Amino acid sequence: MVPWGQEVEEPLLSDHLIAPHGGELVDLSTSAARAAELREASRDWPSWDLTPRQLVELELLAGGAYSPLCGYLSESDYLAVRDRMRLVDGTLWPLPTSLDVTEEMAEVLEPGMRLALRDSEGVMLGCLDIADIYQPDLLAEADLLARLPGDGTSGRPPAARRRPVYLGGAIESVQPPVHYDFGDLRHTPAELRRELAKLGWRRVVAYPTHSPMHRVHFEQTLRAVKELEAGLLIHSLVGPEEDSYIDHFTRVRCHRAIVKRYPPGTATLSVLPVAATSGGPRELLLSALVHRNFGVTDVMVGQEVGNPAVANESIEAVGSYMDEAGVALVSSETLVYLPDDDRFVAGEQAPLRARVLEIDEVELRQRLVEGRRLPAWFTFPEVADILEPAFPPRSRQGFTVFFTGLSGSGKSTIANALKVRLLEMGGRSVTLLDGDLVRKHLSSELGFSREHRDLNIRRIGFVASEITKNGGVAICAPIAPYDATRKDVRSMISRAGGFVLVHVATPLDICEQRDRKGLYAKAREGVIKEFTGISDPYEEPADAEMVMDTSETTPEEAAQEVILHLEREGYLG
Ligand code: PPS
């Protein structure tokens, strides 16, 4: 790869590749000398810390993926893009590319000033020559950007720019954002074009994907390559706003493995950062233009497992713009597997009454999350070998047992008994996050208002999710009186491993009779305010996996019940 800021001596061998959108590939990187000059001068400039989405946009702008843009849109270009999907000069451009900032930031800025654009560590990646400061009508924007100009039907809006003031102006790029992962697979458009030219490709079909590729995708892409007589570019999409259950490290490793399966010289792999993926028509069009700038002539799209979430309506809607965009959208064929013939065929070509096998996205996800092996007909062994360790079986996954209940209900006693039983069984690290202990060490400054209780439970949830993610067992035993907060904790932890909510439903009068700490008496006297069950609410859970009442069971029995539940669910296999 060519480091930024150096002259490219090698001639661009990419003349026979498709021309970039607008004719010329933009490169906003500066020479080393200019970068040093800008760094020096930036000491007197205001700074903006780029959000993760803005970082991606700057990277795409700076490297030329957004050619012909040389910076953020001025207000007139913004309005033309919003209303007509064109820059003022008539060039097709589907989405506003402006820098959205807060009002506080905008107050200290004026046109003509320079703004340092920094990453989260304060490194200056570029500078903006501010030409324009304007306040967009965000409601109108959300409405207009969800569809194509003149089209009444509203689709899914692109991810909102959340800050109310937009800046426009030219950018100079001082250095590319720092990526410690997959450096050899990250390319600017010029770098990728050089690679494609070396391969001797003219026609390039891109397969942009957010998911690992399996045999069906291999077949789909191979068919597309043969039919179009094109080279295949697997564009592994990585972005800050993605909501994938498979992290990008695992996905890209899968792509790296599968690309070796293609006949020599037919396929290559690159990682492409993307700002957002709502699947709306304008985003699809932008993605086509970005691909074109990377040298791509055809883009595979579809709702198949593995393709990005592009809505079918979007594919139809953008059809009339594709000639102008210069890129063709290729719908991937729906294929099914015939086990008796050991081959994939197009769905409608499967012989009548032939046995066919399919695994859809829902089943795939379920199999992975449950740690079940993927069948050999579905995925290549090298891909399975990468995916399976990323989704260990439940018996090797971490989990959290979250007790909730009134003060004195017996949560801590059962939690302690459970901890000891799990330690006795061995093989796992076990951490007890008891209400009292947490309040001593983690939440010592907090009281018992709703706000403070929520903060306390969220802290417990965060620690438990980290423990769970790393394969450990967390046992939590706070009162956790609010349902919504418990649900948030459940969703945070479920992404990392198992979650079992146990409601210790010992009745209030029994808890009060026990009154081991004398707190109920004080609460009745009004000495302690906001006491759960007396002067503060306890919202009973309706979603608990287990309910137990310690007026009817001993702590040992209760702990044993939890152990049995964990065994049944496969966590203690
Ligand atoms: S919460 O609501 O989940 O944040 O509460 P938690 O962190 O579990 O703390 C509960 C323990 O604090 C003592 N305590 C009170 N509980 C409830 N309400 C009020 N106002 C209060 N003031 C002090 C009480 O001893 C709880 O301990 P446990 O172990 O539950 O009996």
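Draft legend 1. The arrangement of the overall build of the protein chain in detail. From N to C terminus, the protein chain includes 20 helices and 18 strands. Dimensions of the protein chain along its principal axes, counting C-alpha atoms only, are 85 × 70 × 50 Å. Counting all 573 residues of the protein chain, 52% fall into the buried class. In the protein chain, of all internal contacts separated by at least 6 residues, the share reaching a separation of at least 24 is 76%. Carbon and sulfur atoms make up 51% of the accessible area of the protein chain, which amounts to about 25,800 Å² in all. Averaging the positions of the 61 positive and the 87 negative side-chain charges in the protein chain gives two centres separated by 5 Å.

Draft legend 2. Highlighting the site of the ligand. Near the ligand, the surroundings consist of 21 residues, among which S407, R439, R453, N456 and E530 are the closest. Take R439: an N or O atom from its side chain is 2.6 Å from an oxygen atom of the ligand. Contacts to the ligand include R453, whose side-chain N or O atom sits 2.8 Å from an oxygen atom. About the coverage of the ligand: the protein hides 92% of its 630 Å² of free accessible area. When contributions to the shell around the ligand are tallied by element, the ones reaching two or more residues are α15 (435-441) and α16 (450-469). Taken together, the residues of the shell around the ligand sort by class into nine nonpolar, five polar and seven charged.

Draft legend 3. Molecular detail of the confidence of the model for the protein chain. Mean pLDDT over the protein chain stands at 90; residues scoring 70 or higher make up 93%. The low-confidence segment residues 1-13, where pLDDT is below 50, has 25 contacts with residues more than four positions distant or belonging to other chains.

Draft legend 4. Representation of the pairing of strand β8 (residues 231-238) within the structure. Judged by how many residues are buried, β8 sits mostly within the fold: eight of eight residues are covered. Covered by surrounding structure in β8 are G231, L233, H235 and L237 together with L232, I234, S236 and V238, the residues of both alternating faces. Strand direction decides the pairing type here: strand β7 (residues 204-209) and β8, joined by six bridges, are parallel. Across the sheet, residue T209 finds its bridge partner in β8, namely S236. Traced from β7 through helix α7 (residues 215-228) to β8, the parallel crossover comes out right-handed.

Draft legend 5. Main features of the domain arrangement of the protein chain. When its domains are assigned, the protein chain resolves into domain 1 (32-173), domain 2 (183-335), domain 3 (336-390) and domain 4 (394-568). A straight line from the C-alpha centre of domain 1 to that of domain 4 covers 47 Å.

Draft legend 6. Structural context of the nonpolar core. In this structure, Y72, L99, L115, L117 and L128 are the most contacted members of the largest nonpolar core, which totals 65 residues. Here this core gets six residues from one element, more than from any other, and that element is helix α9 (residues 281-293). Of the residues that make up this core, three or more belong to each of domain 1 (32-173) and domain 2 (183-335). The residues touching L115, leaving out its near neighbours within four places in the chain, are W45, P46, S47, W48, L99, M105, L109, G126, C127, L128, I130 and L167.

Draft legend 7. Structural view of the environment of S444. Looking at the secondary structure, you find S444 in the loop between α15 and α16. With 12 residues separating them along the chain, S444 and N456 place their C-alpha atoms 9.5 Å apart.

Draft legend 8. Region of interest: the packing of aromatic side chains. If you walk through the whole model with that rule in mind, you get 13 aromatic pairs. An angle of 45° between the planes, with centres 5.6 Å apart, marks the rings of Y78 and Y134 as tilted. Of the two residues, Y78 is situated in helix α3 (residues 75-84) and Y134 in strand β5 (residues 124-134); the sequence distance between them amounts to 56 residues. Y78 gets classed as buried once you look at its relative accessible area, which sits at 1%.

Draft legend 9. Just the pairing of strand β12 (residues 335-338), in detail. Of the two faces of β12, both are covered, the one formed by L335 and Y337 as well as the one formed by V336 and L338. Taken together, the four bridges between β12 and strand β13 (residues 343-346) define a ladder with antiparallel strand orientation. In the strand pairing of β13, L335 is matched with A346. The turn linking β12 back onto β13 is made up of four residues, and D342 within it adopts a positive phi angle of 50°.

Draft legend 10. Quick peek at the sheet that holds strand β18 (residues 546-548). Pairing is parallel across the open sheet formed by five strands, whose spatial order is β15-β16-β14-β17-β18. Both edges of this open sheet fall to β15 (430-434) and β18, since each of them pairs with a single strand only. Adjacent strand axes in the sheet meet at a mean angle of 15° when their direction is disregarded. As paired elements, strand β14 (residues 399-404) and strand β16 (residues 473-477) share four bridges and run parallel to each other.

Draft legend 11. The arrangement of unusual backbone geometry in detail. Omega for the peptide link from S67 to P68 comes to 15°, which places this bond in the cis form. Checked against the element boundaries, P68 lands in the loop between α2 (52-63) and β2 (71-72). A positive phi angle is found at R353, which is not glycine, with a value near 65°. When you line up the elements, R353 lands in the loop between β13 and α12 (361-369). The phi dihedral of D515 is positive, around 25°, even though this residue is not glycine. In this structure D515 comes out as buried when scored by relative accessible area, which is 18%.

Draft legend 12. Quick look at the sheet that holds strand β10 (residues 298-301). Across the sheet, which stays open at both edges, the five strands sit in the order β9-β8-β7-β10-β11 with parallel pairing between neighbours. On the outer flanks of this sheet lie β9 (267-273) and β11 (328-331), each paired with one strand and no other. Sheet twist, expressed as the average angle between the axes of neighbouring strands with direction ignored, equals 30°.

Draft legend 13. Representation of helix α20 (residues 555-568) within the structure. The terminal C-alpha atoms of α20, which comprises 14 residues, lie 20 Å apart, in line with the 20 Å expected from a rise of 1.5 Å per residue. If you check which residues of α20 are buried, you get A558, A559, V562, I563, H565 and L566. Projection of α20 onto a plane perpendicular to its axis shows the buried side chains occupying an angular sector of 160°, all on one side. In α20, the exposed residues that point more than 90 degrees away from the buried face are E556 and R568. Backbone geometry just downstream of α20 places G570 in the positive-phi region, at approximately 90°.

Draft legend 14. Focus on the side chain of S42. Among the structural elements, S42 can be located in the loop between α1 (32-41) and β1 (47-49). Of note is the side chain of S42, whose polar atom sits 2.7 Å from the backbone oxygen of R39.

Draft legend 15. Structural detail: the pattern of salt bridges. As enumerated under the stated definition, the model contains 34 salt bridges in all. Residue E363 pairs with R367 through a salt bridge whose shortest N-O separation is 3.1 Å. Taken together, the positions of E363 and R367, both in helix α12 and four residues apart, correspond to about one turn of that helix. Relative accessible area serves as the criterion here: at 16%, R367 is assigned to the buried category. Taken together, the shared-partner salt bridges connect R34, E37, R114, D129 and E172 into one network.

Conventions adopted
Numbering of residues starts from 1 in every chain and runs along the sequence as written. Reporting of local features is limited, given that this is a predicted model, to residues whose pLDDT is at least 70; pairs of side-chain atoms are given and counted only at 80 or more, and all residues count toward the totals for whole chains, interfaces and linings. As a rule here, side-chain values cover all heavy atoms of the structure and leave hydrogens and water aside. Each helix corresponds to a stretch of at least 4 residues labelled H or I by DSSP, and each strand to a stretch of at least 2 residues labelled E; elements are numbered beginning at the N terminus. Burial classes follow relative accessibility: with a 1.4 Å probe on protein chains only, a residue under 20% of its type's maximum area counts as buried, one over 50% as exposed, and anything between as partly exposed. Every residue pair with non-hydrogen atoms within 4.5 Å of one another is taken to be in contact. To be clear on the numbers: accessible area is Shrake-Rupley with a 1.4 Å probe, and residue cover counts the displayed protein chains and nothing else. Lys and Arg are tallied as positive, Asp and Glu as negative. Neither His nor the chain termini are counted. By convention, the point assigned to a charge is CZ for Arg, NZ for Lys, CD for Glu and CG for Asp. For this description, a residue counts as near a given molecule or strand if any of its non-hydrogen atoms is within 4 Å of it. Counting of polar contacts relies on pairs of N or O atoms within 3.5 Å, with two restrictions inside protein: one atom must be capable of donating a hydrogen and the other of accepting it, and residues adjacent in sequence are counted only when both atoms are side-chain atoms. We call Asp, Glu, Lys and Arg charged. Ala, Val, Leu, Ile, Met, Phe, Trp, Tyr, Cys and Pro are nonpolar, and the rest, Gly among them, are polar. Residue-level confidence of the predictor is summarised by pLDDT, bounded by 0 at the bottom and 100 at the top. Two strands pair if DSSP finds at least two bridges between them. Looking down the strands as they point away from the viewer, one classifies a crossover as right-handed if the path from the first strand across the helix to the second runs clockwise. Source of the domain bounds: an automatic or database domain assignment. Here, the term nonpolar core denotes a set of buried Ala, Val, Leu, Ile, Met, Phe, Trp, Tyr and Cys residues that are joined through side-chain atoms within 4.5 Å. A pair of Phe, Tyr and Trp rings is counted when the ring centres sit within 6.5 Å of each other, with Trp represented by its six-membered ring. The angle between the planes then sorts it: under 30 degrees is stacked, over 60 is edge-to-face, the rest tilted. Each axis is a line fitted through C-alpha atoms, taken for helices only over the stretch in contact, and angles between the N-to-C directions span 0 to 180 degrees. Here the expected span of a helix is defined as 1.5 Å times the quantity of residues minus one. Note that the arc is computed from the directions linking the helix axis to the C-beta atoms. What counts as a salt bridge is simple: a side-chain nitrogen of Lys or Arg found within 4 Å of a carboxyl oxygen of Asp or Glu.

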